[in-house]
Amino acid sequence: MTLRSTLALLCLAAVLAACSDGDTLIIEPTEPPPPSYLPVAEPTVEMPPAVGEPVLISTSFDFSGQGYRVEEYFLSGTAVAFTNLNEFQSDGRWEAEPGESSAYRTRVVVYRPESSDDFSGTVVVEWLNVTNGFDVPAGWGVGHVEALRRGHAWVNVTAQRVGIEGLEDAVLPLYLKEANPERYDSLDIPSDSFSYDIFTQVTAAIRDPEGAILGDLEAQVIIATGESQSASRLLTYVNAIQPLYNAFDAFLVDSRYDSSQPLSQDPQVAIPAPESVMFRDDLSTPVINYQAETDVIPLGAVDERQPDSAYFRLWEVTGSAHNDNYQLVSGRDDVGVGADKAVVVENNVILGLFPCDRPINSGPYPWVYMAALHALDNWVRNDTAPPEAARMEVNDDQSDYRYDSNGNVEGGVRTPYVDAPAARLSGELNEGAIGCRLSGTTALFDAATMAMLYADRQGYEDAVAEATDSAVNAGFILEEDGQRIKEAAGLQWDALMP
């Protein structure tokens, strides 16, 4: 018998001898040790050169009039790319570790309350979208009213090289080194392989007790968000990077498509994602995946549907498109006052520059997005999970949706835009100038159809009120936005009736 075995037997005998007749040996269960996470590198924070103003196509209202300020900072340091430790499968249970490192220098644009008394403690960190060759804050475009009224801070992150260097076929010359070379010439992201760590390091600047980018504001909750290509990057982040650092408290992944972005890419060794990617099913951080009609069928994410779980919700929003009129046009000056922004309109020109073949979607996108943002914040703070949502109904071969008698999709997240409709609202592909393809369509009902459906103005207002109350009670529209939608019903009727 070995010395280790002898000692083990002696210890067991001593324990048993300590138990008198009739005693029961009770071995108390022990809690598993908490997971250990890698430390988040702290970037150097500097002010940009005093040449011009921050370059970012955003909302057009006066921030100071809302009690907010806009500040830009340069962040620099050493970021790592990541390598995989297992073969990436569709289930998202990916294992990665830090690999090659490189110096970087990027910028963030911070929207924050002027006074710490008005700060909610929540910071939304947006991965700026660069699909068109320059930075776009798509999430801020639809979620800013919720941020303003709660007092959230919003940090816009240039995480990808394109935002600085641009593309050959950029829609507008708004990438940073073209828009203001004197201000931004020092910026450099060597490769998007380093984007995930750059995005992570922003949280260290947010949590910095010296107030590196938030001044006297103390962050309590940090929510990551990103739309379209940025959503696809966040999917990779959730599966591979969040388990390493636990840097974010929640994720709002908006309009992902049918796969996700590579973990690493040229000039580093390419580590692509598989053709089909789910969110890992062992999440320990709340995630809401917001999907428009455009994302599920036209962009193929119907194959990546997955059930809700303890930390995951999939909201498929009926009547919405990947981009819409509020995000691109009407919502740019919205500060949460009045009903006109909730009226369905036919508009086929984006930013007054890019004409589309058909009017773009004017549906429920912003109102449900704001409810999702609010639900995530509540989920983190109070451990109250958001509602589960029905999936949009599709035909047997998943090639198209099932439609009601008004031409709107059945199932999904229900709102008055489809349950008391004034239009056929779709996420189907549009045509025309750049930006049109993913912006869906709107076809307003004529006066005869409105009269047939609702009889008169009061009938329509009652139908909208009932459908709105249902959506508010279900948790898919916030009460403040529901009131605006109800008030818009009369304006909608008057606009459609002779």
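Anything mentioned here points back to the structure above.
Quantities reported herein were computed from a predicted structural model and do not represent experimental measurements. (Residues numbered from 1 in each chain as written. Predicted model: local features only at pLDDT ≥ 70, side-chain atom pairs only at ≥ 80, totals over all residues. Heavy atoms only, no water.)

## With respect to the overall build of the chain
Test applied: Helix and strand definitions follow DSSP, with helices as H or I runs of at least four residues and strands as E runs of at least two, each counted in order from the N terminus. A radius of gyration in this sense is built from C-alpha atoms; the matching globule rule multiplies 2.2 Å by the number of residues raised to 0.38. When accessible area is computed with a 1.4 Å probe and restricted to protein chains, residues below 20% of their type maximum are described as buried, those above 50% as exposed, and intermediate ones as partly exposed. Here, two residues are considered to be in contact whenever any of their heavy atoms come within 4.5 Å of each other. In short, Shrake-Rupley with a 1.4 Å probe defines the accessible areas, and a residue's cover is counted only from the protein chains shown. Counted charges follow a simple rule, with Lys and Arg positive, Asp and Glu negative, and His plus the chain ends left uncounted. Charged groups are reduced to one reference atom each: NZ for lysine, CZ for arginine, CG for aspartic acid, CD for glutamic acid.
Counting its secondary structure elements, the chain contains 14 helices and 13 strands. Relative to the globule expectation of 23 Å for 498 residues, the C-alpha radius of gyration of the chain, 25 Å, shows essentially globular dimensions. Projected onto the principal axes, the alpha-carbon positions of the chain cover approximately 100 × 65 × 50 Å. Relative to its full complement of 498 residues, the chain shows a buried share of 53%. The long-range share in the chain, meaning contacts at least 24 apart out of those at least 6 apart in sequence, stands at 78%. When the accessible surface of the chain is split by element, carbon and sulfur atoms take 50% of a total near 20600 Å². For the chain, the centre of its 29 positive side-chain charges and the centre of its 77 negative side-chain charges are spaced 1 Å apart.

## Some remarks on the environment of Val171
Examined against the element boundaries, Val171 turns out to sit in the loop between helix 3 (161–165) and helix 4 (176–179). Of the residues examined, Val171 reaches a relative accessible area of 23% and is grouped as partly exposed. In this structure, the C-alpha to C-alpha distance between Val171 and Val394, residues 223 residues apart in sequence, is 34 Å. Those residues in contact with Val171 that lie beyond four places of it in its chain are Asn132, Phe134, Phe354 and Ile434.

## Side note on the side chain of Ser264
Put simply, the rule is: Two N or O atoms form a polar contact when they lie within 3.5 Å of each other; inside protein one atom must be a possible hydrogen donor and the other a possible acceptor, and for residues adjacent in sequence the pair counts only when both atoms belong to side chains.
Structurally, Ser264 is set in the loop between strand 7 (250–254) and strand 8 (287–292). A polar contact is formed between the side chain of Ser264 and the side chain of Ser193, at a distance of 3.4 Å. With near-sequence residues (within four places) excluded, Ser264 lies in contact with Phe82, Ser193, Val269, Ala270 and Ile271.

## Side note on helix 2 (residues 138–150)
An α-helix turns once per 3.6 residues; consequently, residues spaced three or four apart project the same way. Stated formally: What a helix is expected to span follows from its residue count: subtract one and scale by 1.5 Å. The term bend refers to the angle at a residue between two fitted axes, each drawn through seven residues, those ending there and those starting there.
With 13 residues, helix 2 extends 19 Å between its outermost C-alpha atoms, agreeing within 8% with the 18 Å of an ideal straight helix rising 1.5 Å per residue. Of all the bends in helix 2, the largest measures some 60 degrees and sits at His144. Of all 13 residues that make up helix 2, 11 are buried, and the element is covered over most of its length. Listed in full, the buried residues belonging to helix 2 are Ala138, Gly139, Trp140, Gly141, Val142, Gly143, His144, Val145, Glu146, Ala147 and Leu148. Among the residues trailing helix 2, Gly151 stands out with phi positive, at a value near 90 degrees.

## Overview of the pattern of salt bridges
Under the convention used in this document: Just to be clear on terms, a salt bridge is a Lys or Arg side-chain nitrogen sitting within 4 Å of an Asp or Glu carboxyl oxygen.
A complete count under the given rule lists 31 salt bridges for this structure. The salt bridge involving Arg233 is made with Asp192; its shortest N-O contact spans 3.9 Å. Pair noted here: Arg233 is in helix 7 (residues 229–245) and Asp192 is in the loop between helix 5 (181–184) and helix 6 (195–207), with a separation of 41 residues, a long-range link. Neither residue differs from the other here; Arg233 and Asp192 are each classed as buried. Put simply, Glu146, Arg149, Arg150, Glu480 and Asp481 are held in one network by salt bridges that share partners.

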